[in-house]
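Spelled out, the chains give:
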Amino acid sequence: MSVPFIQEREVVRGTATRISPLVRRVVADNPSVFTYHGTGTFIVGHGEVAVIDAGPALERHVEAILDATRGETITHQFITHTHSDHSPAARLLKHATGAEIWAWGPATGGDDGMTPVDESEDHAFAPDHLLRHGDRIAGAGWTIEAVHTPGHASNHMCYALQEEETLFSGDHVMGWSTTVVSPPDGDMAAYLDSLELVLERGDAILRPTHGAAITDPAIFVRALIDHRRMRDRQIIACLDDGIGTIPSMVETLYATTDRRLFPAARRSVLAHIIRLVHQGLIEADGTPDERTRYRLKTASQ
């Protein structure tokens, strides 16, 4: 099954757009090959509201959030994870409003010597409250449940809005693109487990931080899982053909992809390979990384 990607043709940046009875969205002016049209900050509720993914530290974006909530009180900030397109503005909003911050925890991504392929880590992030899977926070007319979904990042959290059967899916599930899974903090085994968790939840709608809503989550998430299984098979086929390095695999598997995305593709292939090594299907000449040579593990081994 191919992934039924969803394109969002027109986006209004810098002002709030109502997207459901309880939810407004403000899109930041930070478009890129990784952020699509920009970071979408969600405002949940009326009067006493919650903000989900305050976004990048752009003064104009923070001002847009404040303008959208003028006459209201921001009582909670929820952050899906600590990449710099999601969390830094939370500090600016807290300084302006006093709104405290809820999240899984601080940045956990390390530096493995590779060039970053996604947004950088927000190492200054310090939440006021730590959340764990299943925690619920109630506000004025809204209820948020924390759903821990490691994979893209080990501290990635989705947030379920009980009143609208909606899951704010951060970067875990996006309609416009597959998700970058970049070791060491990105983990393909954890990512696939987290996709299964989302599938089992049965939410009516997913709202990613980047791009349009996903209105048929079951079909979409199953397609993402199938895509990752297909990539496993393609990597094994490359090894069977004697293609034993990640750069060579990427040249083969992503031949029609924008080459600006090749660094991200190499990291995702590495994430798949680490999982396959742990499963005992392939072996590496040393510690798995982008420079290592790989081969299929034979039955006699």
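About the cut-offs
- Residues numbered from 1 in each chain as written.
- Predicted model: local features only at pLDDT ≥ 70, side-chain atom pairs only at ≥ 80, totals over all residues.
- Heavy atoms only, no water.
- Helix = DSSP H or I, 4+ residues; strand = E, 2+ residues; numbered from the N terminus.
- Expected span 1.5 Å × (residues − 1).
- Buried < 20%, exposed > 50% of the residue type's maximum accessible area, 1.4 Å probe, protein only.
- Contact = heavy atoms within 4.5 Å.
- Polar contact = N/O pair within 3.5 Å; in protein donor to acceptor, adjacent residues only side chain to side chain.
- Salt bridge = Lys/Arg side-chain N within 4 Å of Asp/Glu carboxyl O.
- Pairing = 2+ DSSP bridges.
- Right-handed = clockwise from strand over helix to strand, strands pointing away.

What follows is about helix H3 (residues 188-201). Compared with the 20 Å implied by 1.5 Å per residue over 14 residues, the 20 Å span of H3 between its first and last C-alpha is a close match. Among the residues of H3, Met 188, Ala 190, Tyr 191, Leu 192, Ser 194, Leu 195 and Val 198 are the ones counted as buried. For H3, the elements touching its buried residues are strand S11 (166-170), strand S12 (205-208), helix H4 (217-240) and helix H6 (262-278). Backbone nitrogen of Ala 189 and a side-chain oxygen of the N-cap are separated by 3.0 Å at the start of H3; the cap is Asp 187.

On inspection of all chains with the given rule, the structure shows 18 salt bridges. Note that Arg 24 is salt-bridged to Glu 72, the shortest N-O span being 3.0 Å. Of this pair, Arg 24 sits in strand S2 (residues 23-27) while Glu 72 is found in the loop between helix H1 (59-68) and strand S5 (73-78), placing the two residues 48 residues apart along the sequence. Between Glu 145 and Arg 136 there is a salt bridge whose closest N-O contact spans 3.5 Å. Given a relative accessible area of 17%, Glu 145 falls into the buried group. Classification of Arg 136 by relative accessible area gives exposed; the value is 52%.

Our next topic: the environment of Glu 290. Within the secondary structure, Glu 290 sits in the loop between strand S13 (282-284) and strand S14 (294-296). The class of Glu 290 is buried, set by a relative accessible area of 12%. For the pair Glu 290 and His 76, spaced 214 residues apart in sequence, the C-alpha to C-alpha distance is 40 Å. A polar contact of 3.2 Å, which involves the side chain of Glu 290, links it to the side chain of Arg 266. Within the structure, Glu 290 has its side chain in polar contact with the side chain of Arg 267 (distance 3.0 Å).

Turning our eyes to something else, we now look at the environment of His 86. If you trace the backbone, His 86 turns up in the loop between S5 and helix H2 (89-97). Classification of His 86 by relative accessible area gives buried; the value is 0%. Separated by 52 residues in the primary sequence, His 86 and Phe 34 have C-alpha atoms spaced 12 Å apart. In this structure, His 86 is in contact with Asp 53, Ala 54, Gly 55, Ile 79, Thr 80, His 81, Asp 171, Thr 209 and His 210, ignoring residues within four places of it in sequence. Reaching out from His 86, the side chain makes a polar contact with the side chain of Asp 85 at a distance of 3.3 Å.

Moving on, we come to the pairing of strand S4 (residues 48-52). Counting buried positions along S4 yields 4 of 5 residues, so the element is predominantly enclosed. Of the pairings in the sheet, the one linking strand S3 (residues 40-44) to S4 comprises 3 bridges and is antiparallel in character. When the bridges of S4 are listed, Val 44 appears paired with Ala 50. Counted along the chain from S3 to the antiparallel partner S4, the turn is 3 residues long, and its residue Gly 45 has a positive phi close to 105°. Two elements, S4 and S5, share 5 bridges in a ladder whose sense is parallel. Note that in S5 the partner of Ala 50 across the bridge is His 76. Handedness of the β-α-β unit built from S4, H1 and S5 comes out right-handed.

Here the focus is the pairing of S2. Of all 5 residues in S2, 5 are buried, a share of seventy percent or more. Of the two faces of S2, the one carrying Val 23, Arg 25 and Val 27 and the one carrying Arg 24 and Val 26 are both buried. In the sheet, strand S1 (residues 17-18) pairs with S2 via 2 bridges, with the strands oriented antiparallel. What sits directly across from Arg 18, in S2, is Arg 24. Where S1 folds back on S2, the antiparallel hairpin that results is connected by 4 residues. In the sheet, S2 pairs with S3 via 5 bridges, with the strands oriented antiparallel.

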